[in-house]
Amino acid sequence: MAQRRSSMHGQWSSRWVFVLAATGSAVGLGNIWKFPYITGENGGGAFVLVYLVCIAGIGIPIMMAEVLLGRRGRQSPINTMATLAREAKHSPHWKYLGWSGVLAGFLILSYYSVIAGWALSYVFRAASGRFTDASADEVGAIFNNLLASPESLLAWHTIFMVMTMVVVARGVRHGLEKAIRFLMPALFMLLLIMVGYALNTGYFDEGLAFLFDADFSSLSGDSVLIAMGHAFFTLSLGMGAIMIYGSYVPEKASIAGTTFMIAGADTLVALVAGMAIFPIVFANGLEPGQGPGLIFVTLPIAFGQMPGGLFFGTLFFVLVVFAAWSSAISLIEPAITWLVENKGMKRATASIGAGIVTWFVGLGTVLSFNLWSGYTLFDKTFFDLLDYLTANIMLPLGGLFIAVFAGWIMTREATQDELRMRDHVGYRLWRFLVRYVTPAAVIVVFLEATGLLGWLMTVLER
Ligand code: PHE
């Protein structure tokens, strides 16, 4: 057994806390806001199926790899990569994998915070009774007015960034653990209540059919890329968030067991959110493919009509904010740990600095919904571009290299030792997946989405 390191930043008090924290990172806007709207945009069932296959075949093995790397390195992803590469007698340039993760985290948080700001503003709208008996048109108008106002978006974005940095500044135990303990179960209960409402809309079957009837004829290469990218995004993979959380995991915890729980919970929340939202979409004649506003123009209709809707609606958006909060923390944690380790900063100073930079980049997203909405590149606004670049390109690429590192660079003994697995089927399957399947799948999907795969095929056929 190799010598065990310990993290200068602390440790989770038990493996349960790790499961909760990692679930807190995984379950966020990705599940409640993004999954429903991209499912709507990409035609439903077939897209959902590809997403589920990616979770099982790519996401789970990579999550195990990230936790493993994190716990073995016990430092910021940048230093962990450098240390483990040196240990395996490879180039310390692997640290750039850590760097690309830090960059991805910054970029994602910059727009994540703006969207979380929407949810924050909806807490107050719901509480003030704005949605009570509102028609679908009225609810839509409330959302459009919010987007049209850079001042409000900016104010809510600022509040959310401050909230995030306050928790990050307080550190692993005091900041992160406490909040997550009761939030996750509460969020799940509330989603179930929403499904209960959806059952009564009379359109539940339509909703289910949309989510689960797979029609592959309408699935483009780009949809497959989006489904794969989302598997990374929703599980917080490919940028070091799970790696840094893994660096706080106690020695004894089983990596495979905890990973299954985290991925299972995350997937369940996304599917339940879909089951709550799509029946409401169809019952009100709304467009499933209308984009990022989907939950903000559907769920308020339901809250406006159900008994106790004022209470449930307010509570729901509070919980969405908390889910986003516990994810946001993990987006910036890799950068913070590096600043503390290498620049000798205090956590609080590092948090303020990182927060200001992220906040500033977020201005681009704020403006992309109003003043800059006309400026597009490849038909995408600043927000769309950032989302596409991070979720569909940076995270899968990061994941690809993490898999290569765990499968090819680290020795068999090292990974086996860290996973605490004997040479059983489970370990062999994992190793096979990270060595061959995951890297190949990511490359094929990239080629497919860029149209290069088709071109390659025709060249090879000649
Ligand atoms: N997984 C989070 C969500 O679904 C987003 C996230 C991505 C968090 C990457 C950390 C790292 O909302």
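Residues numbered from 1 in each chain as written. Predicted model: local features only at pLDDT ≥ 70, side-chain atom pairs only at ≥ 80, totals over all residues. Heavy atoms only, no water.

- An unreviewed UniProt entry lists the protein chain under the name Transporter, with Candidatus Tenderia electrophaga as the source organism.
- According to the UniProt record, the Subcellular location (unreviewed entry) comment for the protein chain reads "Membrane".
- Turning to the protein chain, the UniProt record has this under Sequence similarities (unreviewed entry): "Belongs to the sodium:neurotransmitter symporter (SNF) (TC 2.A.22) family." (UniProt positions renumbered as here; feature names shortened; annotations may be inferred.)

Quick look at the overall build of the protein chain
- Across its full length, the protein chain holds 19 helices and zero strands.
- At 22 Å, the protein chain has a C-alpha radius of gyration in line with the 23 Å of a compact globule built from 462 residues.
- Taking the principal axes of the C-alpha coordinates as reference, the protein chain spans close to 65 × 60 × 40 Å.
- Relative to its 462 residues, the protein chain shows a buried fraction of 60%.
- A fraction of 83% describes how many contacts in the protein chain between residues 6 or more apart in sequence connect residues 24 or more apart.
- With the model as given, the accessible surface of the protein chain reaches about 17900 Å², and the carbon-plus-sulfur share is 66%.
- Averaging the coordinates of the 28 positive side-chain charges in the protein chain and doing the same for the 27 negative ones gives two points 18 Å apart. (Helix = DSSP H or I, 4+ residues; strand = E, 2+ residues; numbered from the N terminus. Rg over C-alpha atoms; globule rule 2.2 N^0.38 Å. Buried < 20%, exposed > 50% of the residue type's maximum accessible area, 1.4 Å probe, protein only. Contact = heavy atoms within 4.5 Å. Areas by Shrake-Rupley, 256 points an atom, 1.4 Å probe, with all protein chains shown as cover. Lys, Arg positive; Asp, Glu negative; His and termini not counted. Charge placed at Lys NZ, Arg CZ, Asp CG, Glu CD.)

Points about empty space enclosed by the protein
- Here the structure, examined in full by the defined rule, presents five cavities of 30 Å³ or more.
- Of the pockets and cavities examined, the largest cavity occupies roughly 130 Å³.
- Along its surface, the largest cavity is lined by 18 residues, and S25, Y112, F233, S236 and L331 are the ones closest to its centre.
- Counting residues per element, the ones that place at least two in the lining of the largest cavity are helix 1 (15–26), helix 2 (29–41), helix 5 (95–127), helix 10 (221–234) and helix 14 (309–343). (1 Å grid on protein atoms, 1.4 Å probe; cavity = no way out; pocket = protein on both sides within 12 Å on 5 of 7 lines; lining within 4 Å. Points joined across faces, edges and corners; volume = space filled by probe spheres on them.)

Focus on the site of the ligand
- Around the ligand, the surrounding shell holds 15 residues, and the nearest of these are A26, G30, Y112, F233 and S236.
- Contacts to the ligand include Y112, whose side-chain N or O atom sits 2.5 Å from an oxygen atom.
- Take T234: an N or O atom from its main chain is 3.2 Å from a nitrogen atom of the ligand.
- For the ligand, the accessible surface in isolation is 330 Å², of which the surrounding protein chains cover 100%.
- Judged by the fraction of its atoms near the pocket grid, the ligand is located in the largest cavity.
- When residues of the shell around the ligand are traced back to their parent elements, those giving at least two are helix 1, helix 2, helix 10 and helix 14.
- Of the residues that constitute the shell around the ligand, the class distribution is seven nonpolar, eight polar and no charged. (Near = heavy atom within 4 Å. Polar contact = N/O pair within 3.5 Å; in protein donor to acceptor, adjacent residues only side chain to side chain. Sits in = over half its atoms within 2 Å of the grid points. Nonpolar A, V, L, I, M, F, W, Y, C, P; charged D, E, K, R; others polar.)

Some thoughts on the pattern of salt bridges
- Enumeration according to the criterion identifies twelve salt bridges in this entry.
- The residue R4 makes a salt bridge to D417 at a minimum N-O spacing of 3.3 Å. Residue R4 is found in the segment before helix 1, and its partner D417 is found in helix 17 (residues 412–419); the two are separated by 413 residues along the sequence.
- For D417, a relative accessible area of 18% corresponds to the buried category.
- The shortest N-O distance in the salt bridge between E87 and R72 comes to 3.9 Å. Of this pair, E87 sits in helix 4 (residues 77–87) while R72 sits in helix 3 (residues 45–73), placing them 15 residues apart in sequence.
- Looking at R72, the relative accessible area reads 7%, which means it is buried.
- Salt bridges linked by common partners bring R4, R5, R71, R72, R74, E87, E251, D417, E418 and R420 together as one network. (Salt bridge = Lys/Arg side-chain N within 4 Å of Asp/Glu carboxyl O.)

Description of a nonpolar patch on the surface
- Judged by side-chain polarity, L452, W455, L456, V459 and L460 come together as a nonpolar surface patch covering roughly 490 Å² of accessible area.
- With respect to the helices and strands, the residue W455 is situated in helix 19 (residues 452–461).
- We classify W455 as exposed; its relative accessible area is 53%. (Patch = residues over 30% accessible without salt bridge, like charges linked within 9 Å, V, L, I, M, F, W, Y side chains within 5 Å.)

A short note on the packing of helix 3 against helix 18 (residues 425–450)
- Helix 18 packs onto helix 3 with a crossing angle of 120 degrees between their chain directions and a minimal axis gap of 9 Å. In terms of orientation, helix 3 and helix 18 fall into the oblique class. Judged by the twist between their axes, the crossing of helix 3 over helix 18 is left-handed. Seen from helix 3, the contacting residues are G57, I58, P61, I62, M64, A65 and L68; seen from helix 18, they are W430, L433, V434, T438 and A441. (Axes fitted to C-alpha atoms, helices over the stretch in contact; angles between N-to-C directions. Parallel < 35°, antiparallel > 145°, perpendicular 65-115°, else oblique. Left-handed = near helix turned anticlockwise from the far one by under 90°.)

Describing the packing of aromatic side chains
- Inspection of every chain in the model, using the stated rule, returns 32 aromatic pairs.
- On the numbers, 5.2 Å between centres and 80 degrees between planes, the contact of W118 with F143 is edge-to-face. With a gap of 25 residues between them, W118 in helix 5 and F143 in helix 6 (residues 136–148) connect regions that are remote in the sequence. As far as the burial class goes, W118 and F143 line up, both buried.
- For K380, the ring lying beneath its charged end belongs to Y388, and the centroid distance is 4.5 Å.
- Of note, R435 hangs over the ring of W408, and the distance from its end group to the ring centre comes to 3.7 Å. (Phe/Tyr/Trp six-rings, centres within 6.5 Å; stacked < 30°, edge-to-face > 60°. Lys NZ or Arg CZ within 6 Å of the ring centre and 35° of its normal.)

Here we look at the environment of V27
- Here V27 is to be found in the loop between helix 1 and helix 2.
- C-alpha of V27 to C-alpha of S236: the two residues are 209 residues apart in sequence and 8.7 Å apart in space.

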